[in-house]
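Listed here are the chains, written in short residue letters.
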Amino acid sequence: MATTGRKAGLPVSTDPATIDMVSIAGAAEISTVFDRYELQKPQCKFGTDGVCCRLCHMGPCRITPKAHLGICGADADTITARNLLREIAAGTAAHSDHGRMLVRTLKAVSQGKGGDYKIVEPLRLHEAARFFEIATEGKDDLTIASDLADFFLTQFAWSEEPNATLKLAPEKRQAVWNKLNINPNGIDSAVVELMHRTNMGVDHDYRHLIMGGLKCSLADGWVGSAIATTVSDILFGTPKPVRSRVNLGVLAGNKVNIIVHGHEPTLSEMLAVAAGDQELIDYAKSKGAEGINVAGICCTANEVLMRHGLPIVGNFLQQELAILTGAVEVMVIDVQCVMPSLAQVSKCFHTQLVSTSEIAHTAEAEQITFHSNTGYEQASELIRKAIDNFENRDPQRVHIPNESMELVAGFSNETIFHMLGGRFRSTFRPLNDAIIDGRIRGVAGIIGCSNPKVVADQGHVRLAQELIKRNVLVLQTGCAAIACAKAGLLTPEAALAQAGDSLREVCEAVGIPPVLHMGSCVDNSRILMAATNLVAEGGLGDDIADLPVAGAAPEWMSEKAVAIGHYFVASGMYVVLGHPLYVEGSKNVHDLLCSEMESITGGRFEWEPDPVVAADKMLAHIERKRDALHINTQKERKMYDMKSRRELQ
Ligand code: SF4
Ligand code: MSK
């Protein structure tokens with residue numbers, strides 16, 4: 001069984017900037033996530049095993065050798081499964097509410113009430129309308145946007161019909177869901193159903209519960225997250241390759257630093273635009289700064305990186321450390337992965353913490369609730385606030401680590417299509433061909449958070465290195481992508497130097513790096529679509545479960561990651577988690593998720609803390625899939641020179 005917990009004596013991170021700032025925090029006696037983790041040790045075994053139940057007030061109950069049933073008679077199977085389902089429901093709710101907010105902005109834009117937001121990507125609007133059979137003939141873009149927004153809003157409510165966006169998946173996969181009866185009928189109702197089923201005295205059969213969890217997770221990946229990604233692309237543009245920099249060293253010693261942190265891209269989008277306003281730049285200069293530097297943390301960072309090339313300060317575990325540099329004038333927070341401790345850390349510096357979401361307040365942060373119709377004005381005001389705060393920065397307390405790394409991001413499916421197929425024939429064909437003839441063994445998604453239980457960034461970076469070395473193309477999102485970026489793996493040159501020979505040849509020929517940054521957490525829907533595109537292109541089976549692909553979340557921590565893992569497994573993928581779900585207290589639930597599930601959905605979980613062993617296991621799975629597809633015959637390696645590219649076109 002996998003163990004969890006960072007062993008004594010190991011560093012907190014492999015990232016020198018993080019290590020540097022943690023020691024500065026220690027010297028200043030400012031507590032960080034790493035200190036608080038130590039204080040929580042040993043962590044509760046009942047919680048870790050998932051056998052603590054507080055679903056009713058006869059409890060709380062714990063399963064022990066002496067008491068193998070809760071007061072109501074629930075056993076370890078029921079208790080662990082119910083706890084797991086509540087995590088899936090919460091993760092689904094988070095991604096999907098983010099999607100709903102974007103749909104509401106799209107609707108407001110269509111009604112002329114969206115302030116400075118507009119439809120930046122009409123192509124994507126038309127493509128989505130076509131796919132979902134929304135009439136476009138004779139309609140202008142705003143009317144189509146209105147109809148599309150209405151259609152997306154219907155996907156949240158309960159309906160007799162399964163969610164229409166499930167049709168994005170390969171047909172054979174849809175048939176699997178039909179057969180298993182796990183099609184969701186609305187995002188909100190899927191979440192409500194899980195909360196009902198896990199209420200005291202309702203669903204007690206762990207198998208039935210877990211299948212219900214898969215159903216809800218599908219409402220996350222193929223519905224809520226897919227909608228969030230699509231609407232983001234329509235409103236802010238489909239990402240294209242973009243160069244930028246990452247790590248705490250992107251903070252500027254001589255500029256006004258504003259950090260956007262959280263998940264929703266709406267306000268950060270306007271901050272990115274407003275930061276270029278000459279009047280504001282001049283105002284910053286009048287206050288002694290050389291300019292304005294907007295940078296991001298967590299998935300807001302990924303959103304503004306993908307579309308504007310704004311720099312990334314760091315991933316989840318670096319949010320407090322950014323403030324500890326003493327060089328941040330304003331940190332703007334919204335929803336998800338924002339630590340409450342930011343209020344405590346910012347109090348030790350001049351940093352103003354501004355909370356902007358209607359639903360997410362932080363005590364002691366200033367609350368400026370964001371409204372899309374005044375987005376630009378609010379963004380300008382926030383920048384002014386930061387400029388005014390610049391004079392309060394204490395140069396004696398500024399410590400910005402030198403570390404920053406170049407990166408290339410912006411790999412949407414549309415971009416990959418174009419890069420692989422060339423200008424005139426957008427296609428995944430060269431990628432499918434390279435997989436079929438073995439130059440690329442398969443594709444792996446490495447996603448998810450960072451977690452103080454493990455050496456931060458190590459799992460992501462080592463796993464990505466091992467996989468590209470073995471000629472596996474890596475797709476990334478979230479904090480995993482930021483970790484690899486910090487280690488230089490999103491620099492095409494550096495990554496290519498570490499890639500296996502045949503993967504390098506293909507990547508060089510078509511001009512893509514071996515590690516592709518596809519966006520934020522909700523953009524895991526792009527990975528689902530990449531898998532769907534591989535199926536659609538032909539030659540690799542009819543279903544995602546047939547593909548030589550695997551997923552991993554080496555350092556995950558969020559309930560959102562629990563939902564993501566389940567929708568990948570429900571979609572037929574093999575998923576390796578760096579530490580177990582809270583289910584180890586039930587052998588039955590463990591066995592269902594980690595072995596039997598493969599015969600049900602074609603996918604399954606595995607826990608593996610060692611990234612090299614995880615790479616072994618993922619590659620073994622990929623090779624098994626290749627064998628089943630009968631593509632594992634030795635073929636002459638084909639060099640993709642200009643002639644072969646022209647032939648393709
Ligand atoms: Fe205990 Fe059952 Fe209540 Fe859970 S639902 S707290 S196991 S009595
Ligand atoms: S931000 S969910 S810590 S990836 Fe999306 Fe990072 Fe995980 Fe949050």
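Rules behind the numbers
Residues numbered from 1 in each chain as written. Chains lettered and ligands numbered in written order. Predicted model: local features only at pLDDT ≥ 70, side-chain atom pairs only at ≥ 80, totals over all residues. Heavy atoms only, no water. Near = heavy atom within 4 Å. Nonpolar A, V, L, I, M, F, W, Y, C, P; charged D, E, K, R; others polar. Domains from an automatic or database assignment. Salt bridge = Lys/Arg side-chain N within 4 Å of Asp/Glu carboxyl O. Helix = DSSP H or I, 4+ residues; strand = E, 2+ residues; numbered from the N terminus. Buried < 20%, exposed > 50% of the residue type's maximum accessible area, 1.4 Å probe, protein only. Core = buried A, V, L, I, M, F, W, Y, C linked by side-chain atoms within 4.5 Å. Contact = heavy atoms within 4.5 Å.

**Q** Give me the site of ligand 1: which residues, what numbers.
**A** In the neighbourhood of ligand 1, the contacting residues comprise C53, L55, C56, M58, G59, C61, G70, I71, C72, I79, R82 and M200. Class assignment for the residues of the shell around ligand 1 results in nine nonpolar, two polar and one charged. Composition of the shell around ligand 1 by domain shows at least three residues from each of domain 1 (7-62) and domain 2 (76-236).

**Q** With reference to specific residues and values, describe the pattern of salt bridges.
**A** Tallying each qualifying case throughout the model produces 45 salt bridges. Among the ionic pairs, R243 bridges to E493, the shortest N-O distance being 3.5 Å. Of this pair, R243 sits in strand β3 (residues 242-246) while E493 sits in helix α20 (residues 492-498), and the two are 250 residues apart along the sequence. Here R526 and D523 are joined by a salt bridge, their closest N and O atoms 3.6 Å apart. Summarising the burial analysis for this pair, R526 and D523 share the class buried. The network of salt bridges with shared partners includes R124, E127, D233, E303, R307, E414, D523 and R526.

**Q** Residue-level account of the nonpolar core, with values.
**A** Among the nonpolar cores identified, the biggest contains 169 residues, and I292, L473, L581 and L593 are the most heavily contacted of them. For this core, the element with the highest residue contribution is helix α9 (residues 206-236), accounting for 17 residues. In contact with L473, other than residues within four places in its own chain, are L431, I440, G442, V443, A444, L503, C507, I512, P513, P514 and L516. Grouped together as the second largest cluster of nonpolar side chains are 35 residues, I30, V328, A343 and C479 included.

**Q** How would you sum up helix α21 (residues 501-510)? Please name residues and give values.
**A** With seven of its ten residues buried, α21 lies for the most part within the structure. Among the residues of α21, S502, L503, E505, V506, C507, A509 and V510 are the ones counted as buried. Just downstream of α21 lies G511, where phi reads positive at about 80°.

**Q** Before we move on, can you summarise the site of ligand 2 with the specific residues and values?
**A** For ligand 2, the full set of nearby residues is H263, C298, C299, F316, C337, G448, C449, C479, C521, M557, S558 and K560. Residue classes in the shell around ligand 2 are distributed as eight nonpolar, three polar and one charged. Residue-level mapping places the shell around ligand 2 at the junction of two domains, with at least three residues from each of domain 3 (248-397) and domain 4 (416-628).

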